[in-house]
Amino acid sequence: MENIRDHDNFDQQHHNNYSRSRGHYTLVTSPVGQSPVSGPDNQIIFKQTSKIRYQADLITDFFLLTVLFGRKDFISNIFEARKTMSNLITLYDTTLRDGTQGEQVNLSAEDKLRITERMDRFGIKYIEGGWPGSNPKDARFFEMARSFSFQNARLAAFGSTRRANIKPEDDENIIALLKAEVETVTIFGKSWDLHASQILGVSLDENLSMIEDSVAYLKKCGREVIYDAEHFFDGYKRNPVYAARTIKAAADGGADVIVLCDTNGGTMPEEIQSVMKDVVPDIKTPIGIHAHNDCGLALANSLTAVSSGATMVQGTINGYGERCGNVDLISVIGNLQLKLGYKCVSPEGLRQLTELSRFVSEVANVPPLSHRPFVGKSAFAHKGGVHVSAILKNTAAYEHIEPEQVGNKRRVLVSDLSGKGNIDYKAVEMDIKLGGNGHDSQKIVREIKRLEDQGYEFEAAEGSLELLIKKATGQFEEPFRLESFRVTIEKDQSGPSTSRATIKISVGNEHEITAAEGDGPVNALDNAMRKALTKFYPNIDEISLVDFKVRVIDGSDATAAKVRVQIETRDSKEIWSTIGVSENVIEASWQALVDSVQYKLSKEMNGK
């Protein structure tokens, strides 16, 4: 016990309190001179000092107790536990509110509930559902969410401090927050004197009262309160004394967490560090960071804030948000957990990172960015022959982590930059055997480079690539042959155009001629081909087109320009891409269409 007195200045006459810095628990020990492990009055207990769960979940509670009681070196274990606890970072997601302020992001109440359920399973600690006092959709979402049983997360309702010269209990926004019936509320207030005096039009003292009164009233009503200090860094740079007073007002009101916001997204990382160095030591309340990406520095600023003492990071999945967006929690998790040694989610959750990113993208109907760090389709894609040759020997040569750690996968692309190693890798991936002397690989590389010079692009058409490799090595058995097709388009003066296609195919020694109509010439040709093949391959109905793209390769020839058609096709097991190139858009479309069908039929014929 002497060591405890030396470290923490224990009072020798009374029970003593050891409070973890910026923490969650109080360690209460026996009077000095008595054993901490014997006698009924000599007990070590943990008293929860705040409702907030951001510092520890039940697993961490168990871990800390185990550390304290399971080893002989009591004092060193206390500090080991403190170090472990200090590495916990709380994730606060605001995709459903701040994220929807971004262009092209619009979520229904039902969409919000789906994302909420997914993020709860993933392990996000706080999910901000919206602003219940601002619109009927958010109010309906909170009503729907009452029937949902959360396993890991707390749902937060967002709003502002009370209005000027109105009591909190009479303010409609505060009332709406309470009516949301959630444990946690997040309110924002102004930390920049410019906003208080010029935007709100209130005195600086009244602004302080608005902050403290609102927090105190919500705490009195039994809510956990997270206070967002809006425009804090801009305010601190202009008037540091007043900005500091605003967060002190929140702390005096009893806020559970104070979040410092770079609302305009214009603060530099070194400024974040400098301001937090001044502010954090004077605030005993846990600190969070809320960064916007207007200078492309939201991630850097968030990481800097964590290294400077922040224990909560607010952000959105995929960085959705107003203007240039919020910090991307996907990158926050990847960097904090894999690079800096902090704990944000469980290892199982980390392996679901890619899935979460794509799920939110799908629900929000926003195409995923292929180059998104950690989870993008291109994040672990290798194209250059030298690079591929290196990762075949050691993946660490060109990858900073194993893609499986975040639920992603390695991809080797094939293009005119490819070497023999690219083909060897893809052949193994596609379960295609090549000749051991390397002649097959060299032959395939030459053919790919020839075709890409004509406008083909195989890195985005792996279905066509697989067929090309099989054909070049004599491993392709043609499921059908085209004998001929004819496509006609008719248009009269007033009516819409009509398209018809007639096609003749052969399967073995049998021939089939069919005709079909469609919404356009390509659709008519697709319908006619499927109709003809149904007799031979009934399962043809299992496949469907999911995307059809036409790109002009060189526009200098105007309407005579060569075009590239890319098609994505799917069945119940997979999605594959095929490609066609020609000056005739119908011919290019046919090439891509026939490859898409032959890819599927070839798999079935080989029992795959």
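For the structure itself, look to the data block above.
The present account deals with the structure reproduced in this document. All of these numbers come straight from a predicted model, not from anything done at the bench. (Residues numbered from 1 in each chain as written. Predicted model: local features only at pLDDT ≥ 70, side-chain atom pairs only at ≥ 80, totals over all residues. Heavy atoms only, no water.)

Brief notes about the layout of surface pockets
- Looking at the largest pocket, its volume works out to about 1800 Å³.
- What lines the largest pocket is a set of 50 residues, among which Lys 377, Arg 411, Glu 568, Ile 575 and Ser 577 lie closest to the centre.
- At the level of elements, α15 (353-364), α17 (420-429), α19 (462-472), β17 (544-552), β18 (563-570), β19 (575-582) and α21 (585-605) are the ones that each hand at least two residues to the lining of the largest pocket.
- Looking at the lining of the largest pocket, its residues break down into 16 nonpolar, 13 polar and 21 charged. (1 Å grid on protein atoms, 1.4 Å probe; cavity = no way out; pocket = protein on both sides within 12 Å on 5 of 7 lines; lining within 4 Å. Points joined across faces, edges and corners; volume = space filled by probe spheres on them. Helix = DSSP H or I, 4+ residues; strand = E, 2+ residues; numbered from the N terminus. Nonpolar A, V, L, I, M, F, W, Y, C, P; charged D, E, K, R; others polar.)

What to know about the sheet that holds strand β14 (residues 481-490)
- Taken in spatial order, the 3 strands make up an open sheet running β14-β15-β16, and their pairing is antiparallel. Edge positions in the open sheet fall to β14 and β16 (510-518), since each of these has one partner strand only. Averaged over all neighbouring strand pairs, the angle between strand axes comes to 10 degrees, with direction disregarded.
- Judged from the 9 bridges that link them, β14 and strand β15 (residues 498-507) form a sheet pairing that is antiparallel. Bridging across to β15, Ile 489 finds its partner in Ser 499.
- Helix α20 (residues 521-534) rests against β14, β15 and β16 of the sheet, and its axis sits at about 145 degrees to β16. (Pairing = 2+ DSSP bridges. Axes fitted to C-alpha atoms, helices over the stretch in contact; angles between N-to-C directions. Contact = heavy atoms within 4.5 Å.)

Here's the deal with the environment of Phe 148
- Structurally, the position occupied by Phe 148 is in the loop between α5 (136-145) and β6 (154-160).
- Counting along the chain gives 31 residues from Phe 148 to Glu 117, while the straight-line C-alpha distance between them is 8.2 Å.
- In this view, Phe 148 contacts Glu 117 and Asp 120; residues no more than four positions away in its chain are not counted.

Regarding the pairing of β15
- As paired elements, β15 and β16 share 9 bridges and run antiparallel to each other. Following the sheet pairing, Lys 504 is matched in β16 by Ile 513.
- Hairpin connection between β15 and β16: a loop of 2 residues separates the two successive antiparallel strands, and Gly 508 in this loop has a positive phi of roughly 65 degrees.

Considering helix α10 (residues 240-253)
- With 14 residues, α10 extends 20 Å between its outermost C-alpha atoms, agreeing within 8% with the 20 Å of an ideal straight helix rising 1.5 Å per residue.
- Every buried residue of α10 is listed here: Tyr 242, Ala 243, Thr 246, Ile 247, Ala 249, Ala 250 and Gly 253. The buried residues of α10 all sit within an arc of 140 degrees when viewed along its axis, so they share a single face.
- Of the residues one or two after α10, Gly 254 is the one with positive phi, at around 105 degrees. (Expected span 1.5 Å × (residues − 1). Buried < 20%, exposed > 50% of the residue type's maximum accessible area, 1.4 Å probe, protein only. Arc of directions from axis to C-beta.)

Points about the sheet that holds strand β7 (residues 184-190)
- Strand order in this closed barrel of 8 strands is β4-β5-β6-β7-β8-β9-β10-β11, and the pairing throughout is parallel. Within this sheet the neighbouring strands show an average axis-to-axis angle of 25 degrees, counted without direction.
- Inspection of the sheet shows strand β5 (residues 126-130) paired to β6 by 4 bridges, in the parallel sense. Following the sheet pairing, Glu 128 is matched in β6 by Ala 156.
- Against the sheet, helix α6 (residues 172-179) touches β6 and β7, its axis set at about 170 degrees to β6.

Considerations on the side chain of Arg 223
- Within the fold, Arg 223 resides in the loop between α8 (204-220) and β8 (224-230).
- For the buried residue Arg 223, which engages in no salt bridge, the nearest side chain bearing the opposite charge is Glu 181, 7.2 Å off.
- In terms of polar contacts, Arg 223 uses its side chain to reach the backbone carbonyl oxygen of Val 182, at 3.1 Å.
- Residues in contact with Arg 223, not counting those within four places in the same chain, are Leu 178, Glu 181, Val 182, Glu 183, Val 185, Leu 218 and Asp 256. (Lys, Arg positive; Asp, Glu negative; His and termini not counted. Salt bridge = Lys/Arg side-chain N within 4 Å of Asp/Glu carboxyl O. Polar contact = N/O pair within 3.5 Å; in protein donor to acceptor, adjacent residues only side chain to side chain.)

Description of the packing of aromatic side chains
- Under the defined criterion, the tally for this structure stands at 10 aromatic pairs.
- Considering the side-chain rings of Phe 158 and Phe 188, the 5.5 Å spacing of their centres and the 10 degrees angle between planes classify their relative orientation as stacked. Of this pair, Phe 158 sits in strand β6 while Phe 188 sits in strand β7, and the two are 30 residues apart along the sequence.
- A network of ring pairs unites the aromatic residues Trp 131, Phe 158 and Phe 188 as a single cluster.
- Stacked on the ring of Phe 141, the Lys or Arg Lys 112 has its end atom at 5.9 Å from the ring centre.
- The residue whose ring lies beneath Lys 471 is Phe 476, and the NZ or CZ to ring-centre distance is 5.2 Å. (Phe/Tyr/Trp six-rings, centres within 6.5 Å; stacked < 30°, edge-to-face > 60°. Lys NZ or Arg CZ within 6 Å of the ring centre and 35° of its normal.)

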